[in-house]
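If you want the building blocks of each chain, they are given just below.
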Amino acid sequence: MDRDDRDDPFGDFFEEIERMMNEMATGDAASADDAGFGSDTHVDAYTTEESVRLVADLPAVSKDDLSLRCDGDALTISAVSDRREYDETVELPAPVDEHSADATFNNGVLEVSFDRDDDSASIDLV
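Residues numbered from 1 in each chain as written. Predicted model: local features only at pLDDT ≥ 70, side-chain atom pairs only at ≥ 80, totals over all residues. Heavy atoms only, no water.

Student: Explanation requested: the sheet that holds strand E5 (residues 85–91) in the structure shown.
Tutor: Two orientations exist for strands paired in a sheet by backbone hydrogen bonds: parallel and antiparallel. Ordered by their spatial adjacency, 3 strands build an open sheet running E3-E4-E5, and the pairing between neighbours is antiparallel. A single partner strand is all that each edge strand has here, and the edge strands are strand E3 (66–70) and E5. Along the sheet, successive strands turn relative to each other by an average axial angle of 10 degrees, direction set aside. (Pairing = 2+ DSSP bridges. Helix = DSSP H or I, 4+ residues; strand = E, 2+ residues; numbered from the N terminus. Axes fitted to C-alpha atoms, helices over the stretch in contact; angles between N-to-C directions.)

Student: Would you mind going over the nonpolar core with me for this structure?
Tutor: Side chains of nonpolar character tend, in soluble globular proteins, to be buried together. If you look at the biggest cluster of nonpolar residues, it comprises 18 residues, and the most contacted ones within it are Leu 58, Val 61, Leu 66, Leu 75, Ile 77, Leu 92 and Leu 110. For this core, the elements supplying multiple residues, two or more each, are strand E2 (51–57), strand E4 (74–80), E5, strand E6 (96–106) and strand E7 (109–116). (Core = buried A, V, L, I, M, F, W, Y, C linked by side-chain atoms within 4.5 Å. Buried < 20%, exposed > 50% of the residue type's maximum accessible area, 1.4 Å probe, protein only.)

Student: Can you help me understand the sheet that holds strand E1 (residues 43–47) in this one?
Tutor: Taken together, 4 strands build an open sheet; the order of strands is E1-E2-E7-E6 and the sheet is antiparallel. Edge positions in the sheet fall to E1 and E6, since each has one partner strand and no second. Strand-to-strand twist in this sheet, taken as the mean axis angle between neighbours without regard to direction, amounts to 15 degrees. Pairing analysis gives 7 bridges linking E6 to E7, with the strands arranged antiparallel. The residue bridging Asp 102 from the neighbouring strand is Ser 113, located in E7.

Student: What is the right way to read the pattern of salt bridges from this model?
Tutor: Where charged atoms from two side chains of opposite charge approach closely, those side chains can pair. Inspection of every chain in the model, using the stated rule, returns 2 salt bridges. Here Glu 16 makes a salt bridge to Arg 19, at a shortest N to O gap of 2.2 Å. Of this pair, Glu 16 and Arg 19 are both found in helix H1 (residues 11–26), 3 residues apart, which corresponds to roughly one turn of the helix. Owing to a relative accessible area of 35%, Glu 16 belongs among the partly exposed residues under this scheme. Notably, a salt bridge pairs Glu 111 with Arg 53, separated by 3.0 Å at the nearest N-O pair. Of this pair, Glu 111 sits in strand E7 while Arg 53 sits in strand E2; the two residues are 58 residues apart in sequence, bridging distant segments of the chain. Its relative accessible area of 30% is what places Glu 111 among the partly exposed residues. (Salt bridge = Lys/Arg side-chain N within 4 Å of Asp/Glu carboxyl O.)

Printed below as a string of structure tokens:
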């Protein structure tokens, strides 16, 4: 007796899981060529009263391929490797003094620290 798949409420669900598992196993995802940091990079932000620090995992990227830009509100990390081009802008959790940046890159881990920018001014009431 043949099985009638029209009555299987989980058929599409299991087919989708199988498709995703096959993509992960073979690396043939449709968006793999244009995937940026989101696919294999994790970025964490840490803040204190004086500073903001970002830590990013950048696998298969060399120090010479990295480019960093900051406008005080966001950090843009760009890199070109043999396998892929990375380009991601990370919104900073607080305004920073972009000229105070200190960056290190070791074993695929990028760390960037900034002094916080307290650009607000007190207003005296008369």
